[in-house]
Amino acid sequence: NLSLIALVDGDPSDSIAALTSAMRDVDPSIPVYNAQPVDAIVERYFAAHRLSGTLVSSFAVVTLLVAAIGLYGLIAQLVAERVREIGIRLALGAEPAAVRRRVVRYGAVHALAGAAVGALGASAALRVFGAVLPGLDAPGAGTFAANTGMLLLAALAAAWIPSSRAVRVDPVAALRE
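Just so you know, these numbers come straight off a predicted model, no measurement behind them.

1. Observations concerning unusual backbone geometry
Point 1. Within the chain, asparagine 34 stands out as a residue other than glycine whose phi angle is a positive 55°.
Point 2. Tracing the backbone shows asparagine 34 in the loop between helix H1 (12-26) and helix H2 (38-81).
Point 3. What makes asparagine 34 exposed here is its relative accessible area of 56%.

What follows is the structure in structure tokens.
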């Protein structure tokens, strides 16, 4: 197998015919096939890696959405169970902003706990996979921090709707229940 790589001025596609002709002039018995620019070869090589990265990123986004929906459900259930307590707090003069902060803080604490457990689990899994798959680079602290930040933002967004419902609780109706 013989491979020829040539540095040419201008568009490489224009030079392929000239290079093929020159190869045939040197030795007509050498078959010339699959002549293409190096950029095309590199592009084709990395296409599978790009597809894998896109799929993993898509699954990560779906996972983040599922986690946000789960946290929303958890906090919405908490607010539904504590309607009477929230109504009493509001009836006794609690500021709606304080009630909102309390509900959002509850979601943030659970998200932080989940992020800590997830980071520890991911770190352990990377060590195991790193021993089995040589060349697997562990992501840096910045990656873990970015993932934790995205989880916290999703958790705060998921906690915002139930906290809005909590501050609209009618104290009189809550006390009648």
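2. Details of the packing of aromatic side chains
Point 1. With the rule as written, the count across this model stands at one aromatic pair.
Point 2. Positioned above the aromatic ring of tryptophan 160 is the side chain of arginine 100, whose terminal nitrogen or guanidinium carbon lies 4.2 Å from the ring centre.

3. Comments concerning the pattern of salt bridges
Point 1. This model, assessed by the stated rule, comprises four salt bridges.
Point 2. Taking the shortest distance from any N to any O, the salt bridge between glutamate 43 and arginine 50 comes out at 2.5 Å.
Point 3. Residue classification places glutamate 43 among the partly exposed positions, given a relative accessible area of 45%.
Point 4. Residue arginine 50 is classed as partly exposed on the basis of its relative accessible area, which comes to 43%.
Point 5. The partner of glutamate 85 in a salt bridge is arginine 89, and the shortest N-O contact between them spans 3.0 Å. Taken together, the positions of glutamate 85 and arginine 89, both in helix H3 (residues 83-91) and four residues apart, correspond to about one turn of that helix.
Point 6. On the basis of relative accessibility, which here comes to 27%, the residue glutamate 85 falls in the partly exposed class.
Point 7. What you see here is one network of salt bridges that share partners, running through Arg82, Glu85, Arg89 and Arg102.

4. A closer look at the nonpolar core
Buried together is how nonpolar side chains tend to be arranged in soluble globular proteins.
Point 1. Leu71, Ile75, Val79, Ile86, Val99 and Ala166 are the most contacted members of the largest nonpolar core, which totals 18 residues.
Point 2. Elements supplying a minimum of two residues to this core: H2, H3, helix H4 (96-132) and helix H5 (141-167).
Point 3. Ignoring any residue separated from it by four or fewer positions in sequence, one finds isoleucine 86 in contact with Val79, Val99, Ala166 and Val169.

Conventions we followed
- Residues numbered from 1 in each chain as written.
- Predicted model: local features only at pLDDT ≥ 70, side-chain atom pairs only at ≥ 80, totals over all residues.
- Heavy atoms only, no water.
- Helix = DSSP H or I, 4+ residues; strand = E, 2+ residues; numbered from the N terminus.
- Buried < 20%, exposed > 50% of the residue type's maximum accessible area, 1.4 Å probe, protein only.
- Phe/Tyr/Trp six-rings, centres within 6.5 Å; stacked < 30°, edge-to-face > 60°.
- Lys NZ or Arg CZ within 6 Å of the ring centre and 35° of its normal.
- Salt bridge = Lys/Arg side-chain N within 4 Å of Asp/Glu carboxyl O.
- Core = buried A, V, L, I, M, F, W, Y, C linked by side-chain atoms within 4.5 Å.
- Contact = heavy atoms within 4.5 Å.

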